[in-house]
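# Reading the structure
Take a look at the letters that make up each chain.
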Amino acid sequence: DQLFTWVLALTAAALSVLMKQRGGMPLKHLGTAKHAYDFGVNCVAPVWRHASTPKHAQLVETWNAIVAALRVDDLLTDAEASALSCESEAVRQLSDGADLLDAVASEEARRRLSHFAHSLRLEMPAPPPVDEMRSFSMLVPVYSETVLFSADELAELDVEGVALLDDMKSTYAQEWANFCERTKVDPATTGASLLAAATAHPHGTGDEAAHVEEVRLWASLRGQTLARTVRGLSQYEDALLLQARLEAPEATEEARLALVRRKCQLVVACQKYGDQKKAGDAKADDVETLLARFPCLRVAYLEVVKDRRAAPNGAEEAAEVTTRYSSVLVRKSGGAVEELSRVALPGNPILGEGKPENQNLGMAFTTGECVTMVDMNQDGYFEEALKMRNLLEEFRAADPSPGGERPVTIVGFPEHVFTQSSGFVTAIYAAMQERFFGTWWQRVQVKLDIRAHYGHPDVLDKLHFMTRGGCSKASKEINLSEDVFAGYKTMLRGGRVVHVEYHQLGKGRMTNL
């Protein structure tokens, strides 16, 4: 089956190349003066010159924010970010037909900007103002996967005697150089020297310790870690804050933040966080590091407390032990972990398959009208987050079938498999397989009106699902693939599933056999 899927993926890739050679969808128009993607104040459009009107000034500010996000992701040098900024004289004097992407060295930056420019040419609903948009929550289930790479892991040698950090520096040499330029970390840092610095500063104080944490985060953002997922999804709040400021510049920063927090929520269901914290596990410290670094993050976990009731004096029977289960939501505030909410549970909630039970655990704390089911090895992009309001409007789309009245209950979109950049043949084939399944096959299913729930990163109508038994089916063994059963359920109960291609998230896949 795997070989057959790969053959289909290769066929799809060949057809895609042929389509491009025959004048298919253009991917390189970003930056040409004659292609100003002006979609109004409430959407995105890079406008290179004549930023004298308030409308154009807002679009210019949006473009500059995209450039700044690429710089923070270490995909641009300081010089490239300055050249791409709308304040750059070179940008203002672009001649017709010039391509600004020629000045960008990073292939990943070029890919992201090209996809963004192309997506703006696709049909999408008009976005409402931020205060009128649908609210949404992003739910990420985590068990005991890697949160952040430790200094020990980055210094660990592989079979060829190369440390993980040194291997990453070689694979992402350009991004490492951009990172060192941005953070002033010594470019000669190796896995061994990083471990020595971490050992010398175990309590995380001083510039040396700060550099260790920055290097750990840089490496983690290039692996399949929870840190990468949280960083990517946190940019949805950043994008909405930008749009809220452009729409209501007179509002205070506190008012805008409160508005965006009502519309956008990030919940990570770290089922084992409570146990890890009690055991002194470093993963609990890493979770708290993410809580401190990303203020929008909320963590839900399962708390298990054993109460021992002493036997009456002189009684021969042993003390009675009772176990209490609670689902708890926390955040980081003022340097300490703060409990926000607690739900008492009648017993152990983990009865079925792990992942869907973990999703059910965190679902109680999601406040959005819609919920995005995200895996822990995904990524998000600032420029894609700018289109989230458009995406949520898909739930208002009318049923195109004759006399149809089915509401949209699931909105799906493609993923970009970032692990193909590792260069492994298996990683490249896995990316091709994903591209075939996530684009070509989804188009066929939507046309036939048979697309179910693919899983990550579909957006679900929370009210629809919570009034029909929940989003995740967790029966042991029966519902091993929890994703597809949610699709079956909504289709059998009058829901409709759509798939769009103007939005994307990143996704990690296997890199070996």
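Reference entry: report on the structure contained in this document. (Residues numbered from 1 in each chain as written. Predicted model: local features only at pLDDT ≥ 70, side-chain atom pairs only at ≥ 80, totals over all residues. Heavy atoms only, no water.)

The description of an aromatic ring pair rests on the distance of the ring centres and on the angle between the ring planes. Counted by the stated rule, this structure contains 5 aromatic pairs. Geometrically, the ring pair formed by Phe 136 and Tyr 236 is edge-to-face, given 6.3 Å between the ring centres and 70° between the ring planes. Of the two residues, Phe 136 is situated in strand E1 (residues 136-142) and Tyr 236 in helix H11 (residues 226-247); the sequence distance between them amounts to 100 residues. Exposure class is identical for Phe 136 and Tyr 236. Each is buried. Judged by centre distance (5.4 Å) and plane angle (40°), the ring pair of Trp 176 and Phe 179 falls under tilted. (Phe/Tyr/Trp six-rings, centres within 6.5 Å; stacked < 30°, edge-to-face > 60°. Helix = DSSP H or I, 4+ residues; strand = E, 2+ residues; numbered from the N terminus. Buried < 20%, exposed > 50% of the residue type's maximum accessible area, 1.4 Å probe, protein only.)

Our focus in this paragraph is the sheet that holds strand E2 (residues 264-270). Across the sheet, which stays open at both edges, the 9 strands sit in the order E5-E4-E3-E2-E1-E6-E10-E8-E11 with mixed pairing between neighbours. Each edge of the open sheet carries a strand with a single partner, namely strand E5 (336-345) and strand E11 (496-499). The average undirected angle you get between the axes of adjacent strands in this sheet is 25°. The strands that helix H12 (residues 253-263) touches are E1, E2 and strand E3 (297-309); relative to E2, the one it contacts most, it runs at about 55°. In the packing of helix H14 (residues 282-293) onto the sheet, the strands contacted are E2, E3, strand E4 (320-333) and E5, and the crossing angle to E4 comes to about 35°. (Pairing = 2+ DSSP bridges. Axes fitted to C-alpha atoms, helices over the stretch in contact; angles between N-to-C directions. Contact = heavy atoms within 4.5 Å.)

Moving on, we come to a negative patch on the surface. A surface patch of negative charge is lined by Asp 152, Glu 153, Glu 156, Asp 158, Glu 160 and Asp 167. Within the secondary structure, Glu 160 is located in the loop between helix H6 (151-155) and helix H7 (164-171). Assessed through its relative accessible area of 68%, Glu 160 is described here as exposed. (Patch = residues over 30% accessible without salt bridge, like charges linked within 9 Å, V, L, I, M, F, W, Y side chains within 5 Å. Areas by Shrake-Rupley, 256 points an atom, 1.4 Å probe, with all protein chains shown as cover. Salt bridge = Lys/Arg side-chain N within 4 Å of Asp/Glu carboxyl O. Lys, Arg positive; Asp, Glu negative; His and termini not counted. Charge placed at Lys NZ, Arg CZ, Asp CG, Glu CD.)

As a further point, take the environment of Ser 472. Its place among the elements puts Ser 472 in the loop between helix H19 (462-466) and helix H20 (482-492). Not counting residues within four places of it along the chain, the set of residues in contact with Ser 472 comprises Pro 356, Gln 359, Asn 360 and Met 373.

On to the nonpolar core. Core analysis: the biggest nonpolar cluster contains 76 residues, and Phe 136, Val 140, Leu 226, Tyr 236 and Leu 297 have the highest contact counts within it. Once you skip the residues sitting within four places of it in the chain, Leu 226 turns out to touch Val 140, Val 142, Thr 146, Val 147, Val 268, Cys 270, Leu 290 and Met 376. Formed by 16 residues, the second largest nonpolar core is a distinct cluster that contains Phe 149, Cys 180, Leu 194 and Val 215. (Core = buried A, V, L, I, M, F, W, Y, C linked by side-chain atoms within 4.5 Å.)

A word on a nonpolar patch on the surface. The grouping of Phe 437, Trp 441, Val 444, Leu 448, Ile 450 and Met 491 at the surface amounts to a nonpolar patch, some 490 Å² of accessible area in total. The element contributing the most residues to the nonpolar patch is helix H18 (residues 425-447), with 3 residues. Relative to the helices and strands, Phe 437 resides in helix H18.

Let's shift gears to helix H5 (residues 107-119). Over its 13 residues, H5 runs 18 Å from end to end, which matches the ideal 18 Å to within 8%, given 1.5 Å per residue. A large share of H5 lies buried, amounting to 10 of its 13 residues. Residues Ala 109, Arg 110, Arg 112, Leu 113, Ser 114, His 115, Phe 116, Ala 117, His 118 and Ser 119 constitute the buried set of H5. Where H5 begins, the side chain of Ser 106 points an oxygen toward the backbone nitrogen of Glu 108, at a separation of 3.3 Å. (Expected span 1.5 Å × (residues − 1). Polar contact = N/O pair within 3.5 Å; in protein donor to acceptor, adjacent residues only side chain to side chain.)

Moving on: the packing of H7 against helix H10 (residues 206-220). For any two helices packed against each other, one specifies the inter-axial angle together with the distance between the axes. Two numbers describe how H7 lies on H10: the axes approach to 11 Å, and their chain directions differ by 60°. For the pair H7 and H10, the crossing hand works out as left-handed. Of H10, the residues touching H7 (which contributes Leu 165, Met 168 and Lys 169) are Val 215, Trp 218 and Ala 219. Grouping the constituent residues of the contact of H7 with H10 by class yields 5 nonpolar, no polar and 1 charged. (Left-handed = near helix turned anticlockwise from the far one by under 90°. Nonpolar A, V, L, I, M, F, W, Y, C, P; charged D, E, K, R; others polar.)

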